[in-house]
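Each chain, written out:
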Amino acid sequence: MIAEDFILKNYNSSVESGSVKWESPSNIALIKYWGKKENQIPENPSISFTLSNCKTITKLTYTKKDLSTALKVTSDFSFDVYFESEKNEAFKPKIQTFFERIEAYVPFLRDYHFKIETSNTFPHSSGIASSASGMSALALCLMSVEVDLGADYTSEYFNKKASFLARLGSGSACRSIEGELVVWGQNESTESSDLYGIKFDGEVHPNFKNYQDTILLVDKGEKQVSSTVGHKLMFGHPFAEQRFAQAHDNLAKLKTTLASGDLQNFVKIVESEALTLHAMMMTSMPYFILMKPNTLEIINKIWKYRAENISNVCFTLDAGANVHVLYPENEKESVLKFINDELAKYCQNGHFISDFIGKGAQLIEK
Ligand code: PMV
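Residues numbered from 1 in each chain as written. Predicted model: local features only at pLDDT ≥ 70, side-chain atom pairs only at ≥ 80, totals over all residues. Heavy atoms only, no water.

Surrounding the ligand, one finds 13 residues, the nearest of these being Tyr33, Ser172, Arg175, Ser227 and His231. Tyrosine 33 places a polar main-chain atom, nitrogen or oxygen, 2.9 Å from an oxygen atom of the ligand. Within the side chain of histidine 231, an N or O atom sits 3.0 Å from an oxygen atom of the ligand. When the ligand is considered free in solution it has 380 Å² of accessible area, and contact with the protein chains removes 91% of it. A per-class count over the shell around the ligand returns five nonpolar, five polar and three charged. Residues lining the shell around the ligand come from more than one domain, with at least three contributed by each of domain 1 (3–8 + 15–201 + 359–365) and domain 2 (211–356). (Near = heavy atom within 4 Å. Polar contact = N/O pair within 3.5 Å; in protein donor to acceptor, adjacent residues only side chain to side chain. Areas by Shrake-Rupley, 256 points an atom, 1.4 Å probe, with all protein chains shown as cover. Nonpolar A, V, L, I, M, F, W, Y, C, P; charged D, E, K, R; others polar. Domains from an automatic or database assignment.)

Listed below in structure tokens is the structure:
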């Protein structure tokens, strides 16, 4: 499919008002997206586990503006944002940019006033990126408005366009529509697209069923490097080409590993990807160290635990100091004990969040 296939051509402009509500999860990348081209096209393919507990719930209420047709074209986007029941101005610029990017595909955006009421299941200042769950929830709400306005979509097209729109809000958000593993970015090994995320089409061994992700909150502060700035660091980066090629290679290896259930290989690929992401930030200009001392303490403890026990627990990182601890379901009891006994002390206020692989977003109310 090409971008033009996602333009809404006809809609019933006589619909006065309505509301829709979606919940959409966060996701954690195993092969990392880092570096993008124009229009949020990724420089390399990525694959992620969709999560279950960490999600955003968004209600979108739309009311027809009282404007003449001539005025509608020039009128600004009109929307209010409420975060956890309080009016929020801080999110507005991101949503304004999102609306500007998607307007060509969602032509009714200037016809309505939107009330966006949103909340997260995870604490606001946890340092967990809410852009993936937040932007995917909003994209899904807009897709449901399209349906309210008469669009007749198959669920496949609905999900693809939702992912396509979410990508224009925040790249990784396109991997949050479905579960359990989602690939984004053209590559040779899997069915894929640069424009939207696709449910991983390969075989997945039962070892990965209900895979666990406990998120250790090492640093709950604002991100030191926003992802907009971060992706730009790959532009002219001395190791960019090798890194992009490596992501393709790692995806092919991960595909084989997911099929065979080889957990030791899984650990190698996933940890190497996390460290490579951080290595890219350390070797860019300007350079950044996004890990904190406690991030390293945790990594070393995980390696020691693995050496001393029969365990396949491993870590991954996003562009920050928090650690995602990944492990098979059959190790849940022992690893949670290990986290409580030995890792919780490195988290801010001892805080961590237990999550696991999930099935994707859900319509809550129409
Ligand atoms: O979706 P963005 O633009 O916030 O970028 C996210 C990038 C990483 O989280 C570091 C990696 C990934 O693939 O999710």
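Once the structure has been displayed, the description carries forward.
To continue, consider the sheet that holds strand β10 (residues 212–216). Ordered by their spatial adjacency, four strands build an open sheet running β11-β12-β10-β13, and the pairing between neighbours is antiparallel. In this open sheet, the two edge strands, each paired with only one partner strand, are β11 (314–317) and β13 (352–356). For this sheet, the mean inter-axis angle between neighbouring strands, taken without regard to orientation, is 25°. Pairing geometry for β10 and strand β12 (residues 323–327), over five bridges, is antiparallel. Opposite aspartate 213, over in β12, you have leucine 326 as the bridge partner. Along the sheet, helix α8 (residues 293–308) contacts β10, β11 and β12; its crossing angle with β11, the most-contacted strand, is approximately 155°. Against the sheet, helix α9 (residues 332–343) contacts β10, β12 and β13, and its axis sits at roughly 150° relative to β12. (Pairing = 2+ DSSP bridges. Helix = DSSP H or I, 4+ residues; strand = E, 2+ residues; numbered from the N terminus. Axes fitted to C-alpha atoms, helices over the stretch in contact; angles between N-to-C directions. Contact = heavy atoms within 4.5 Å.)

With that settled, consider the pattern of salt bridges. The tally for this structure, following the rule as stated, stands at 12 salt bridges. In this structure, the salt-bridge partner of aspartate 249 is lysine 253, at a minimum N-O distance of 3.3 Å. Here aspartate 249 pairs with lysine 253, and both are found in helix α6 (residues 240–260), just four residues apart, close to one helical turn. Given a relative accessible area of 42%, aspartate 249 falls into the partly exposed group. Of the charged contacts in the structure, one is a salt bridge between glutamate 308 and lysine 304, with a shortest N-O distance of 3.5 Å. Placement of the pair is glutamate 308 and lysine 304 together in helix α8, with a separation of four residues, close to one helical turn. A residue is classified by how much of its surface remains accessible, and lysine 304, at 46% relative accessible area, is partly exposed. (Salt bridge = Lys/Arg side-chain N within 4 Å of Asp/Glu carboxyl O. Buried < 20%, exposed > 50% of the residue type's maximum accessible area, 1.4 Å probe, protein only.)

This paragraph deals with α8. Between its terminal C-alpha atoms α8 stretches 23 Å, which fits the 22 Å expected from 16 residues at 1.5 Å a residue. Within α8 the residues assigned to the buried category are Thr295, Ile298, Ile299, Ile302 and Tyr305. Along α8, the residues classed as buried sweep out an arc of 125° about the axis, all on the same side. Exposed residues pointing more than 90 degrees away from the buried face of α8 are listed as Pro293, Ala307 and Glu308. (Expected span 1.5 Å × (residues − 1). Arc of directions from axis to C-beta.)

This brings us to the packing of α8 against α9. When two helices pack together, you describe them by how their axes are tilted relative to each other and by the distance separating the axes. Relative orientation of the contacting elements α8 and α9 amounts to 135°, with a least axis distance of 12 Å. By the angle between their directions, the pair α8 and α9 is classed as oblique. The handedness of the crossing between α8 and α9 is right-handed. Contacts from Ile298, Lys301, Ile302 and Tyr305 in α8 reach Ser334, Val335, Phe338, Glu342 and Leu343 in α9. Residues of the contact of α8 with α9, tallied by class, amount to six nonpolar, one polar and two charged. (Parallel < 35°, antiparallel > 145°, perpendicular 65-115°, else oblique. Left-handed = near helix turned anticlockwise from the far one by under 90°.)

This brings us to the domain arrangement of the chain. Parsing the chain into structural domains produces domain 1 (3–8 + 15–201 + 359–365) and domain 2 (211–356). The C-alpha centroid of domain 2 is placed 26 Å from the C-alpha centroid of domain 1. Carbon and sulfur atoms supply 71% of the area buried between domain 1 and domain 2, which totals about 3200 Å² over both sides. Here domain 1 and domain 2 share zero salt bridges between them. Where domain 1 touches domain 2, the interface holds 11 residue pairs in polar contact (both at pLDDT 80 or more). Going through the elements one at a time, β1 (17–31), β4 (46–64) and β8 (181–184) are the ones with two or more residues in the side of domain 1 that touches domain 2. No other element matches β4, which puts seven residues into the side of domain 1 that touches domain 2. For the side of domain 1 that touches domain 2, a count of residues per class yields 18 nonpolar, 12 polar and four charged. (Buried area = accessible area lost by both parts, 1.4 Å probe.)

The next point concerns the packing of aromatic side chains. As enumerated under the stated definition, the model contains 23 aromatic pairs in all. For the ring pair tyrosine 211 and phenylalanine 266, a centre distance of 5.3 Å and an interplane angle of 65° mean the geometry is edge-to-face. Linking tyrosine 211 in the loop between β9 (198–199) and β10 with phenylalanine 266 in helix α7 (residues 263–282), this pair joins segments that are 55 residues apart in sequence. Judged on exposure class, the residue tyrosine 211 and its partner phenylalanine 266 are both buried. An aromatic cluster is present here, built from Tyr11, Tyr62, Phe77, Phe79, Phe98, Phe99, Phe108, Tyr112 and Phe114 joined pairwise through their rings. (Phe/Tyr/Trp six-rings, centres within 6.5 Å; stacked < 30°, edge-to-face > 60°.)

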